[in-house]
Amino acid sequence: MSIPYAEVIGDPVAQSKSPAIHGFWLEKLGIEAEYRATPVLEDELADFLSGRKNDPHWRGCNVTMPLKQAVIGHLDTMDPAATAIGAINTVTRDDDGKLTGSNTDLAGFLEPLSHYLEITHLFRMARIIGAGGAARAIAHALAAENFTLVIAARRTEQADELVAGLPKGTQHHVVPLDYFASPTDFAFDDRNGLLDLVVNASPLGMRGKPPLAFDWSHAPPGAIAYDIVTDPLDTQFLLRAREANHRTIDGLEMLIGQAARAFSQFFGIEPPREHDPQLRALLTA
């Protein structure tokens, strides 16, 4: 007997932690359903979605690299946030087989920052490394929270395209990726009442990828280092941030947060977040 299922698609997906996360929640809730990892190349995407939209058991999929923008042309509708971001990480199927795209990265990214965002600040600045699909969602999330953004990218034209789509009035700067690689003697002012983030929204530092070259003299005292990479979880970027006495947020925080939003869309019920410590232990075992 066929049962409801969802999946993560992209290339590669073998290392994805999403099946473990969704499978953990399905088991805790006693739901008879599956969550799979399915490798899909960009030139296979049209045929893949055409087949899935005719499968009544298919609840949807999460979309990872390199399909977050490529998938847009194959959808029937997109929610407003995903339209503004220009990148999709979640696709759901309705009863008529129509496909809707959304982006749960935005809410997932902000979740571990909620305590800080409840505080009123005189000024907020985020240095974001990367200009791909995840960086787009992160930039839009932070722009909505009144951050001034500095986008550092290998291809500055990609960063220019990103900032062009931000809400009107967003303060932003674009710099080349190596801007933050060398030490600086910049004297930061009093940071009381300010909120500073340094976000690695790129694959740099991921297992099998080059390391992220970031010199922590570019981050003011009290800045928070946030790395969305999940393999390895404790990246060199975060290790060096702690050595420089900065607070850190690892990639599992965002991954679990965005997965929770997708899970509720796929299966129509909120995941049991009270088990997050057990889930983290499972994912890091």
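Check the entry above for the structure.
Structure report, in brief.

### Points about the nonpolar core
Here's step 1: Counting residues in each nonpolar core, the largest one holds 32 residues, and the members touching the most others are F109, L113, I128, I138, L142 and L149.
Here's step 2: With 7 residues, helix α6 (residues 133-144) is the largest single contributor of residues to this core.
Here's step 3: If sequence neighbours within four positions are ignored, L149 has contacts with A126, I128, A139, L142, A143, L166, T170, Q171, H172 and H173.

### Re helix α9 (residues 251-267)
Here's step 1: Taking 1.5 Å of rise per residue, the 17 residues of α9 would be expected to cover 24 Å, and the 24 Å separating its terminal C-alpha atoms lies within 8% of that figure.
Here's step 2: With respect to burial, α9 is a largely interior element, 14 of its 17 residues being buried.
Here's step 3: One side-chain oxygen of the residue at the start of α9 lies 3.0 Å from the amide nitrogen of L252, identifying that residue as D250.
Here's step 4: A positive backbone phi angle near 70° is found at G268, which sits one or two residues after α9.

### Points about the pairing of strand β10 (residues 194-200)
Along any regular strand the residues' side chains alternate between the sheet's two faces.
Here's step 1: Summarising burial for β10: 7 of the 7 residues are buried, a large majority.
Here's step 2: Going residue by residue along β10, you find L194, D196, V198 and N200 tucked away on one face and L195, L197 and V199 tucked away on the opposite face as well.
Here's step 3: Alignment of strand β7 (residues 123-129) against β10, held across 7 bridges, turns out to be parallel. The residue bridging F123 from the neighbouring strand is L194, located in β10.
Here's step 4: Of the pairings in the sheet, the one linking β10 to strand β11 (residues 224-227) comprises 4 bridges and is parallel in character. Bridge pairing in β11 places L197 opposite I224.

### A short note on the sheet that holds strand β8 (residues 148-153)
Here's step 1: The strand order across the open sheet formed by 6 strands is β9-β8-β7-β10-β11-β12, and the pairing between neighbours is parallel. Looking at which strands have only one partner, the edges of the open sheet turn out to be β9 (172-176) and β12 (247-249). The sheet shows a mean angle of 20° between the axes of neighbouring strands, taken without regard to direction.
Here's step 2: Bridge analysis of β8 against β9 gives 5 bridges, and the strand direction is parallel. Considered in β9, the bridge of L149 is made with H172.

### Digging into the packing of helix α1 (residues 18-29) against α9
Angle between the axes and distance between the axes are the two parameters that describe a pair of packed helices.
Here's step 1: Running from N to C, α1 and α9 point in directions that differ by 55°, and their axes come no closer than 10 Å. Here α1 lies oblique to α9, going by the angle between them. You can see that α1 and α9 cross each other, and the crossing is right-handed. Together, S18, I21, H22, W25, L26 and L29 of α1 and L255, I256, A259, A260, A262, F263, F266 and F267 of α9 make up the contact between the two elements.
Here's step 2: Its residues assigned to classes, the contact of α1 with α9 shows 12 nonpolar, 2 polar and no charged.

Rules of the game
Residues numbered from 1 in each chain as written. Predicted model: local features only at pLDDT ≥ 70, side-chain atom pairs only at ≥ 80, totals over all residues. Heavy atoms only, no water. Core = buried A, V, L, I, M, F, W, Y, C linked by side-chain atoms within 4.5 Å. Buried < 20%, exposed > 50% of the residue type's maximum accessible area, 1.4 Å probe, protein only. Helix = DSSP H or I, 4+ residues; strand = E, 2+ residues; numbered from the N terminus. Contact = heavy atoms within 4.5 Å. Expected span 1.5 Å × (residues − 1). Polar contact = N/O pair within 3.5 Å; in protein donor to acceptor, adjacent residues only side chain to side chain. Pairing = 2+ DSSP bridges. Axes fitted to C-alpha atoms, helices over the stretch in contact; angles between N-to-C directions. Parallel < 35°, antiparallel > 145°, perpendicular 65-115°, else oblique. Left-handed = near helix turned anticlockwise from the far one by under 90°. Nonpolar A, V, L, I, M, F, W, Y, C, P; charged D, E, K, R; others polar.

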